[in-house]
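Each chain is listed here by its residues.
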Amino acid sequence: MKLFRIRGGIHPEYRKEMTAGKAIEPLPMPALLHLPLQQHIGAPAVPVVAAGDRVRKGQLLARARGEISAPVHASTSGRIVDILPFAAPHPSGLAQPTILLEPDGLDEWTDLPPPLDPFSVPREEIARRVAECGVVGMGGGTFPSAVKLDLGRKFPIDVLVINGAECEPYLTCDDRLMRECTAEVVDGVRIMARALGVERIVIAIEKNKPEALAAMAAESAAFAEVEVVPLPTRYPMGSERHLVTALTGRETPARKLTADIGVVVHNIATARAVHHAVRLGRPLISRVVTVSGRAVREQKNLDVRLGTLVSQLIEHCGGLVEPPVHYLSGGPMMGQAMPGREVPVVKGTSGILALTAAEAHERDTMPCIRCGSCVTACPCGLVPVEMAQMIRHEKLDAAARIGLLDCLNCGSCAYVCPAHIPLVQYFNYGKGRLAALQRDRRKQEMTKRLAEQRAERVERLDRERKAKMAAAKKAAAEKQEGGA
Amino acid sequence: MLIAIGSLTLLGALLGAVLGVAARYLRVEGNPIEAEVEALLPGSQCGQCGFAGCKPAAAALVKGEAPPTLCPPGGRAVAMAIAEKLGVSVSFGDQEELEPEVAFVNEDLCIGCTRCLKECSTDAIVGAAKQIHTVIAEVCHACGKCAKVCPTDCIEMRAVPATLATWHWKKPRVKVAS
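Everything quoted here is computed from the prediction, not taken from an experiment.

Reading the values: the criteria
- Residues numbered from 1 in each chain as written.
- Chains lettered and ligands numbered in written order.
- Predicted model: local features only at pLDDT ≥ 70, side-chain atom pairs only at ≥ 80, totals over all residues.
- Heavy atoms only, no water.
- Domains from an automatic or database assignment.
- Contact = heavy atoms within 4.5 Å.
- Salt bridge = Lys/Arg side-chain N within 4 Å of Asp/Glu carboxyl O.
- Polar contact = N/O pair within 3.5 Å; in protein donor to acceptor, adjacent residues only side chain to side chain.
- Nonpolar A, V, L, I, M, F, W, Y, C, P; charged D, E, K, R; others polar.
- Patch = residues over 30% accessible without salt bridge, like charges linked within 9 Å, V, L, I, M, F, W, Y side chains within 5 Å.
- Areas by Shrake-Rupley, 256 points an atom, 1.4 Å probe, with all protein chains shown as cover.
- Helix = DSSP H or I, 4+ residues; strand = E, 2+ residues; numbered from the N terminus.
- Pairing = 2+ DSSP bridges.
- pLDDT = per-residue confidence, 0-100.
- Core = buried A, V, L, I, M, F, W, Y, C linked by side-chain atoms within 4.5 Å.
- Buried < 20%, exposed > 50% of the residue type's maximum accessible area, 1.4 Å probe, protein only.
- Buried area = accessible area lost by both parts, 1.4 Å probe.
- Axes fitted to C-alpha atoms, helices over the stretch in contact; angles between N-to-C directions.
- Phe/Tyr/Trp six-rings, centres within 6.5 Å; stacked < 30°, edge-to-face > 60°.
- Lys NZ or Arg CZ within 6 Å of the ring centre and 35° of its normal.
- Right-handed = clockwise from strand over helix to strand, strands pointing away.

Colleague: Just to check I follow, could you spell out the domain arrangement of chain B for this structure?
Modeller: It is common to give the size of an interface as the accessible area lost on bringing the parts into contact. Residues and elements named next belong to chain B. Each domain of chain B was delimited in the assignment, giving domain 1 (32-95) and domain 2 (101-159). Each of domain 1 and domain 2 has a C-alpha centre, and the two are 25 Å apart. Each partner contributes residues to the interface: domain 1 has six residues there, and domain 2 has six residues. Counting across the domain 1 and domain 2 interface gives zero salt bridges. Taken together, the links from domain 1 to domain 2 amount to five residue pairs in polar contact (both at pLDDT 80 or more). Looking at the side of domain 1 that touches domain 2, its residues break down into three nonpolar, three polar and no charged.

Put into structure tokens, the structure is as follows:
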């Protein structure tokens, strides 16, 4: 298949060899599970259980609220201890409502919904089941998958792309899934294609995963509609937009979806979760997590129940060899710093990295020498140096005009910057600040409207009262006159 | 040479005359900037800026007698909008940005006098006589007028806690290596 060139990008040291050869290992049952109500993009789930309830594995604990949301299910059987605020796996470390589940060790399943035959039921049925099972994008985006499987009704979709690029350094969870659960992944992929009503499936895998490529090609050889495509190894090949450009030559317009150009992209782990949901009726209650970084004694790929604390994963990997400078959730390029080890694994946690100082390689910032490396590296064709300068001087609107909101946060610019300018941090601040200002402005408009409405009402009531008084006065005067 | 001087003089005189006439007949009543600035302000007439309402505050802003940061309920968004409109620079100093606040009714102390809800310019307080009042947090813009009239001092302004939806990264503090 002909591939198209993508702009920019980098070739970081991949460091995948630490875990690529390690088979997926199940993590022993933890003593307590912490299940946050929001593990997805959209509205948080609403709990349907209370403290003291006994639940079984796979039972619904919190239901989705609204269209863009996802339910949360019990990762094992046990007792609900409480629902209380607990630290989220988020750089802020802010607490969010979390269900505490104490496992009873029996690990018995609840009555699952019946298996569906994806190729005979109506297409909407698949999306409905996927929504019911709480499947979200497991590459880290955590967007509810059912919504994306329903896009076929709104947009003319002709290709389903399965993203097996796994371009982030360190991470090998998708690689291992493709090698060990090949049949499940390929079946999930075909179910998704059926839900979308597309005839063509492209499974794209970077060339640095030859075993996964071979396994997937062998498994999908029986299906004419599935094509496995080796991708050149380059970061950020796994970015949805860039992947679509590389495969189809079509460019996604700014702030539009890939569905606008007829392509839907799903992740490898999501495909497997869809297979479990449709064929077995199993909700999303566990995921594969790569635990890596040189601060960990033994790097591993673990099959983890959602809600397990990161500290337990690290303990299972033999603990730490030295105190890490950062704990990251996800890869080193786009992963989020975590406030510590006592945060739960959620649906979007693809990796847990404990990086040593030598690995993180942080250095002091030097003045910009205007070398333009960041401009060359930017896969979106932006000018990072200009944007950072504007944000530094609080010229956020100007930064937005030259494309701040089109930035992916991929970090290629900061990676190549010889002056170690924290470009991504500037962009994070700029985007957050713009969103906050937007919220303020909306509130301001509402306040203004309410104040105007009130002023008008007060005036009207005053006028009516005066008119009434005048009328009463007049009536009284007439009466008096009549009487006299 | 003479033709050049003559034609330019004529041109100058003509255009000058046109401008003079325009200044007389197309004169604008009042200062339009004042109305524009007033439109940027919240319009709740809370008086926290020290002026009697948003109109006098706008007048003072245009005359340069008040800083663009004068409006506490408007916060940073309004300050920046005003500064842009007036073409002045705005400095927030080193102080951390004003935390957004919201009024809170202490239900143990509320006697249901309805004074605060009569005062509220955005109808953010619900209640009735001899019923406990409460604040609709999304609508409250923290002007503080309710707290001033409360006879039992049961209304306080509380900071709105950051949530995962509103939190964002701080600006990086760069220490440049020498």
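Colleague: Explain a nonpolar patch on the surface to me, please; I cannot follow it from the model alone.
Modeller: Taken together, the side chains of Ile41(A), Ile68(A) and Phe143(A) make up a nonpolar region of the molecular surface, amounting to roughly 220 Å² of accessible area. Relative to the helices and strands, Phe143(A) is located in the loop between α1 (123-132) and α2 (145-149).

Colleague: Mind showing me how you'd approach the sheet that holds strand β3 (residues 46-47) of chain A here?
Modeller: Each strand in a sheet pairs with its neighbour through backbone hydrogen bonds, running either in the same direction (parallel) or in the opposite one (antiparallel). Residues and elements named next belong to chain A. Here three strands make up an open sheet; going across it, the order is β3-β5-β6 and the pairing antiparallel. If you trace the sheet from one side to the other, it starts and ends with β3 and β6 (72-73), each paired once. Looking at chain direction, strand β5 (residues 60-63) and β6 are connected through two bridges and run antiparallel. Bridge pairing in β6 links Leu60 to His73.

Colleague: Would you mind showing me how to read the confidence of the model for chain B here?
Modeller: The predicted coordinates of low-pLDDT regions are not to be read in fine detail. All names here are of chain B. When pLDDT is averaged along chain B, the result is 85, and 93% of the positions lie at 70 or above. Averaged over each element, pLDDT in chain B is lowest for helix α4 (residues 75-86) (83) and highest for helix α1 (residues 2-25) (94). The ipTM value of the predicted complex is 0.81, and its pTM value is 0.86.

Colleague: Sorry, what's going on with the nonpolar core here?
Modeller: Here is a general trend for soluble globular proteins: nonpolar side chains tend to be buried in one another's company. Residue and element names in this part refer to chain A. Counting residues in hydrophobic clusters, the biggest one holds 60 residues, and the most contacted among them are Leu61, Ile99, Val130, Leu160, Ile162, Ile201 and Ile203. Of the residues forming this core, the biggest block, eight residues, is contributed by helix α4 (residues 182-196). Setting aside residues no more than four positions away along its own chain, Ile99 makes contact with Leu33, His34, Leu35, Leu37, Val49, Leu61, Ala62, Ile80, Asp82 and Ile83. Counting 24 residues, the second-largest nonpolar core is a separate cluster that includes Met390, Ala398, Leu404 and Tyr426.

Colleague: Can you walk me through the interface of chain B and chain A in this structure?
Modeller: Contacts between chain B and chain A engage 40 residues on the former and 34 residues on the latter. For the pair chain B and chain A, the summed buried area comes to about 3,100 Å², and 60% of that belongs to carbon and sulfur atoms. When the buried area of chain B at its contact with chain A is split by residue, Leu164(B), Trp169(B) and Lys171(B) rank highest and sum to 22% of it. For the interface between chain B and chain A, the tally reads three salt bridges.

Colleague: Would you take a moment to explain helix α6 (residues 240-248) of chain A for this structure?
Modeller: Residue and element names in this part refer to chain A. Counting buried residues along α6, seven of its nine residues qualify, which places the element largely inside the surrounding structure. The set of residues buried in α6 consists of His242, Leu243, Val244, Thr245, Ala246, Leu247 and Thr248. Check the buried side of α6 and you find it contacts β9 (159-164), β10 (200-206), β11 (226-231) and β12 (263-267). The first or second residue beyond α6 is Gly249, which carries a positive phi of 80°.

Colleague: Any chance you could explain the sheet that holds β9(A) here in plain terms?
Modeller: All names here are of chain A. The strand order β11-β10-β9-β12 describes an open sheet built from four strands, whose pairing is parallel. Each having just a single partner strand, β11 and β12 make up the two edges of the open sheet. Taken over all neighbouring pairs, the strand axes of this sheet differ in orientation by 25° on average, direction set aside. Bridge count for β9 against β10 is six bridges, and the pairing is parallel. In the strand pairing of β10, Asn163 is matched with Ala204. Helix-sheet contacts for helix α7 (residues 268-280) involve β9, β10 and β12, and the interaxial angle to β12 is about 85°.

Colleague: Could you clarify how one ought to interpret the packing of aromatic side chains in this entry?
Modeller: Note on aromatic pairs: each is described by the distance of the centres and the angle between the planes. In total, this model carries one aromatic pair over all chains according to the counting rule given. Directly above the aromatic system of Phe4(A) lies the positively charged group of Lys2(A), at a separation of 4.1 Å from the ring centroid.

Colleague: How should I be thinking about the pairing of β11(A) in this particular structure?
Modeller: Regular strands place their side chains on alternate faces of the sheet. All names here are of chain A. Taken together, the six bridges between β10 and β11 define a ladder with parallel strand orientation. Among the inter-strand pairings, Ile201 is bridged to a residue of β11, identified as Val226. The β-α-β motif built from β10, the intervening helix α5 (residues 210-220) and the parallel element β11 has right-handed crossover chirality.

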